[in-house]
Amino acid sequence: MELKLEIENKEGVTVIYPDGFINAHTVNQFEETLQNLVKEKHYRIVLNGEGLEYISSAGMGALMGVIEEIRDNDGDIHLCNLSESVFNVFDILGFTELYEIFEEEAPAITAFDGHNRK
Amino acid sequence: MELKLEIENKEGVTVIYPDGFINAHTVNQFEETLQNLVKEKHYRIVLNGEGLEYISSAGMGALMGVIEEIRDNDGDIHLCNLSESVFNVFDILGFTELYEIFEEEAPAITAFDGHNRK
Amino acid sequence: MKRFFNVEFAADTIFLKLATDVTISMCRLAGFNDSTAKDISLAVDEAVTNTIKHAYHFDKSRLVTLQFTITQEELIIDVCHTGNPISNTEIHLPDMEEYMKQYRKGGLGIVLMTRIMDSVSFGSNGNHHYCRLVMKRGRRHVG
Amino acid sequence: MKRFFNVEFAADTIFLKLATDVTISMCRLAGFNDSTAKDISLAVDEAVTNTIKHAYHFDKSRLVTLQFTITQEELIIDVCHTGNPISNTEIHLPDMEEYMKQYRKGGLGIVLMTRIMDSVSFGSNGNHHYCRLVMKRGRRHVG
Ligand SMILES: Nc1ncnc2c1ncn2[C@@H]1O[C@H](COP(=O)(O)OP(=O)(O)O)[C@@H](O)[C@H]1O
Ligand SMILES: Nc1ncnc2c1ncn2[C@@H]1O[C@H](COP(=O)(O)OP(=O)(O)O)[C@@H](O)[C@H]1O
């Protein structure tokens, strides 16, 4: 398989661990996972890119497809542990302004606490 | 470059460190190196395969082209630090019986001492 | 001197990974560094995906051809097909500021391609259509 | 279901690395494990080298085509050319014991190919000649 997705719940935040490639061939799996999370009202999501070797615009589109509903519900998608080349794709598109990107997972999770308090 | 060759002299033994691929495209370089060593009467040779990612029959042919003269002069070619897949090529051809293969460089070098003493 | 390398496969996204792998190998042969090679392979992914999606509407019986040409100055990659053509005048790059405000979902492929490559163009020879990606073999990308 | 993937390049050993890279990617797609994929790519290296050397005598203006076909049971790789053909009856596998005693230099390519693959055969369709390498997609190689 070119893409495996693991999901863990950490302190009320859903962390997604994609392992492999997100391209037009594997994106349905990624898209369904995101849509199911939203359907189940999980609006605090961290995408840990440690095992993500590659993402194409198909994957970006999947994120764009859910981000509005997530934000409308006071949630967000935080990114962390992106490889240089994956970060580069977000950067080329200017999406580093659209998504909060963290070096490590812990701050990507705790960053949701701020939203909690307000 | 697909193949780099470094040569070091250690205790009177010539150690060759190929880095990259030995195939029909790069084999001339490997062949010339071997032939130059023989021309300069370096008959005690260790081929350290640590950086050798790949060898095809072209590389085997280059070894076969010099081994007779080397052995006629009381020398030999010892192999060491072969990756599993490179070892596998020697094994498939039955060449593990033709060449002494060592796990590490040190014993591949000191094994020549025996020949010295006799 | 020119060097050619062609790859042909069914219009099936299962071959995307192979197409990007071949592209990375070809970029190395042309002397591009790993980071540029990855970027170029992403541009090829996008062009092939568009071909499968928009030119062939996912008809797996159709064929996509990648033609790599390395010249002294540049690497040229033609993504060729015999399906629905697209003309240069049809291509609209989204205004990215507007785009982000509206959380739109598609249309990012061509943006990526044009931002990565030195040039992206579309053309036809009779029934054969292509998306041509060009990258200069300048110092910038070597190393 | 069958899957096709074709690669075409000039009869130049500079493309050997690309041919083996493509083969490894294709083997992964067919579900072979890394070790088997490497062995198969070596068999392809040998077949392509023979084609460049014996079928085309290093004439870089000629073309080599690799055709990959994945069926339910096997991976078939045809190394095709339009140069000097070789027939099955011409092929002599050296006696390896004799070989080692005589320190012979060439003739190892076909030995490697036949020891790695489930079958190696040569054939022609008119002016088109091929070396066909076949590997079964059995359990043995998966993992
Ligand atoms: N090869 C093609 N043939 C026809 N139309 C195309 C082709 N490539 C792109 N297009 C058109 O350009 C638009 C933008 O493409 P792209 O940026 O890749 O976004 P997406 O495919 O996600 O919609 C597509 O929606 C399509 O209308
Ligand atoms: N594609 C081919 N066309 C013509 N002759 C070939 C071809 N492949 C192999 N041969 C013949 O088979 C012999 C054995 O090939 P091989 O085992 O690869 O050894 P080598 O190429 O090192 O001599 C060659 O010497 C050549 O005579």
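What you see is a predicted model; the values in this text were computed from it and never measured.

Definitions and limits used
- Residues numbered from 1 in each chain as written.
- Chains lettered and ligands numbered in written order.
- Predicted model: local features only at pLDDT ≥ 70, side-chain atom pairs only at ≥ 80, totals over all residues.
- Heavy atoms only, no water.
- Pairing = 2+ DSSP bridges.
- Helix = DSSP H or I, 4+ residues; strand = E, 2+ residues; numbered from the N terminus.
- Axes fitted to C-alpha atoms, helices over the stretch in contact; angles between N-to-C directions.
- Contact = heavy atoms within 4.5 Å.
- Least-squares fit on C-alpha atoms with pLDDT ≥ 70 in both.
- Near = heavy atom within 4 Å.
- Polar contact = N/O pair within 3.5 Å; in protein donor to acceptor, adjacent residues only side chain to side chain.
- Areas by Shrake-Rupley, 256 points an atom, 1.4 Å probe, with all protein chains shown as cover.
- Nonpolar A, V, L, I, M, F, W, Y, C, P; charged D, E, K, R; others polar.
- Salt bridge = Lys/Arg side-chain N within 4 Å of Asp/Glu carboxyl O.
- Buried < 20%, exposed > 50% of the residue type's maximum accessible area, 1.4 Å probe, protein only.
- Buried area = accessible area lost by both parts, 1.4 Å probe.
- Core = buried A, V, L, I, M, F, W, Y, C linked by side-chain atoms within 4.5 Å.
- Phe/Tyr/Trp six-rings, centres within 6.5 Å; stacked < 30°, edge-to-face > 60°.
- Lys NZ or Arg CZ within 6 Å of the ring centre and 35° of its normal.

Section: the sheet that holds strand β2 (residues 63–70) of chain D
- Reading across from one edge, β4(C)-β5(C)-β3(C)-β2(C)-β1(C)-β1(D)-β2(D)-β3(D)-β5(D)-β4(D) is the order of the 10 strands in this open sheet, with antiparallel pairing throughout. The open sheet terminates on both sides in strands that have one partner only, identified here as β4 (119–125) of chain C together with β4 (119–125) of chain D. Neighbour to neighbour, the strand axes of the sheet diverge by 15° on average, direction disregarded.
- Examined bridge by bridge, β2 of chain D and strand β3 (residues 74–81) of chain D share six bridges and lie antiparallel to one another. When the sheet's bridge partners are listed, isoleucine 70 of chain D is paired in β3 of chain D with leucine 75 of chain D.
- Sitting on the sheet, helix α2 (residues 34–55) of chain D is in contact with β1 (3–10), β2, β3 and β5 (128–136) of chain D, with an inclination near 15° to β3 of chain D.

Structural notes on the relation of the copies chain D and chain C
- Least-squares fitting of chain D to chain C yields an RMSD of 0.0 Å, with the transformation described by 0.0 Å of translation along the axis and a rotation of 180°. Those values place the two copies in the arrangement expected of a two-fold rotation axis. Minimal C-alpha distance to the rotation axis in chain D is attained by valine 7 of chain D, lying at 2.2 Å.
- When the interface residues of chain D are mapped onto chain C, 100% of them are again interface residues, pointing to one common binding face.

Focus on the site of ligand 1
All names here are of chain C.
- Around ligand 1, the neighbouring residues are Asn50, Lys53, His54, Ala55, Asn84, Ile86, Gly106, Gly107, Leu108, Gly109 and Ile110.
- A distance of 2.7 Å separates an oxygen atom of ligand 1 from a polar side-chain atom of asparagine 50.
- Glycine 107 places a polar main-chain atom, nitrogen or oxygen, 2.9 Å from an oxygen atom of ligand 1.
- With the chains in place, 74% of the 540 Å² that ligand 1 exposes on its own is no longer accessible.
- Those elements giving two or more residues to the shell around ligand 1 turn out to be α2 (34–55) and α4 (108–116).
- Of all the elements, α2 adds the most residues to the shell around ligand 1, at four residues.
- Split by residue class, the shell around ligand 1 holds four nonpolar, six polar and one charged.

A short note on the pattern of salt bridges
- Summed over all chains, the structure comprises 18 salt bridges over all chains.
- Aspartate 76 of chain B is the salt-bridge partner of arginine 71 of chain B, the closest N and O atoms lying 3.0 Å from each other.
- According to the relative accessible area criterion, aspartate 76 of chain B is buried, its value standing at 8%.
- Lysine 17 of chain C is the salt-bridge partner of aspartate 21 of chain C, the closest N and O atoms lying 3.0 Å from each other. Of this pair, aspartate 21 of chain C and lysine 17 of chain C are both found in helix α1 (residues 16–29), four residues apart, which corresponds to roughly one turn of the helix.
- Salt bridges here are not isolated pairs; linked through shared partners, they connect Glu8, Lys10 and Glu105 of chain A.

As for the interface of chain B and chain D
- Counting residues at the interface gives 25 residues for chain B, matched by 25 residues for chain D.
- Counting each side, the surface lost to burial between chain B and chain D is near 2200 Å², with a carbon and sulfur contribution of 65%.
- Area buried by chain B at its contact with chain D is led by Met64, Ile92 and Leu93 of chain B, which between them contribute 24% of it.
- Counting every contact that joins chain B to chain D gives zero salt bridges.
- The interface formed by chain B and chain D includes six residue pairs in polar contact (both at pLDDT 80 or more).
- Within the residue set of the side of chain B that touches chain D, elements represented by two or more residues are β4 (52–55), α2 (57–72) and α3 (84–92) of chain B.
- The element contributing the most residues to the side of chain B that touches chain D is α2 of chain B, with eight residues.
- When grouped by side-chain class, the residues that make up the side of chain B that touches chain D number 12 nonpolar, nine polar and four charged.

Things to note about unusual backbone geometry
- In this structure, asparagine 81 of chain B is a non-glycine residue whose phi angle is positive, near 55°.
- With respect to the helices and strands, asparagine 81 of chain B occurs in the loop between β5 (76–80) and α3.
- On the basis of relative accessibility, which here comes to 21%, the residue asparagine 81 of chain B falls in the partly exposed class.
- Phi angles above zero are rare outside glycine, and phenylalanine 58 of chain D is one such case at about 65°.
- Mapped onto the secondary structure, phenylalanine 58 of chain D falls in the loop between α2 and β2.

A look at the nonpolar core
- Ranked by size, the top nonpolar core spans 164 residues in total, and within it Phe90, Phe95 and Tyr99 of chain A, Phe90 and Phe95 of chain B, Phe5 of chain C together with Phe5 of chain D carry the most contacts.
- Leaving out residues up to four positions away in the same chain, phenylalanine 90 of chain B has contacts with Ile55, Met60, Leu63, Leu79, Leu82, Phe95, Thr96, Tyr99 and Ile101 of chain B.

A closer look at the packing of aromatic side chains
- For the structure shown, the criterion picks out 14 aromatic pairs over all chains.
- Considering the side-chain rings of phenylalanine 9 of chain C and phenylalanine 15 of chain C, the 5.9 Å spacing of their centres and the 55° angle between planes classify their relative orientation as tilted.
- Overall, phenylalanine 9 of chain C belongs to the buried group, its relative accessible area being 1%.
- An aromatic cluster of three or more residues is present, and its members are Phe5 and Phe68 of chain C together with Phe9 and Phe15 of chain D.
- Positioned over the ring face of tyrosine 99 of chain A is arginine 71 of chain A, at 5.7 Å from the centre of the ring.

Remarks on the interface of chain D and chain C
- With 17 residues of chain D at the interface, the matching set in chain C holds 17 residues.
- A combined buried area of about 1600 Å² lies between chain D and chain C, and 65% of that area is made up of carbon and sulfur atoms.
- Put simply, chain D and chain C have six residue pairs in polar contact (both at pLDDT 80 or more) between them.
- Elements with a contribution of two residues or more to the side of chain D that touches chain C: β1 and α1 (16–29) of chain D.
- Ranked by residue count, the leading element in the side of chain D that touches chain C is β1 of chain D, at eight residues.
- When grouped by side-chain class, the residues that make up the side of chain D that touches chain C number 11 nonpolar, two polar and four charged.

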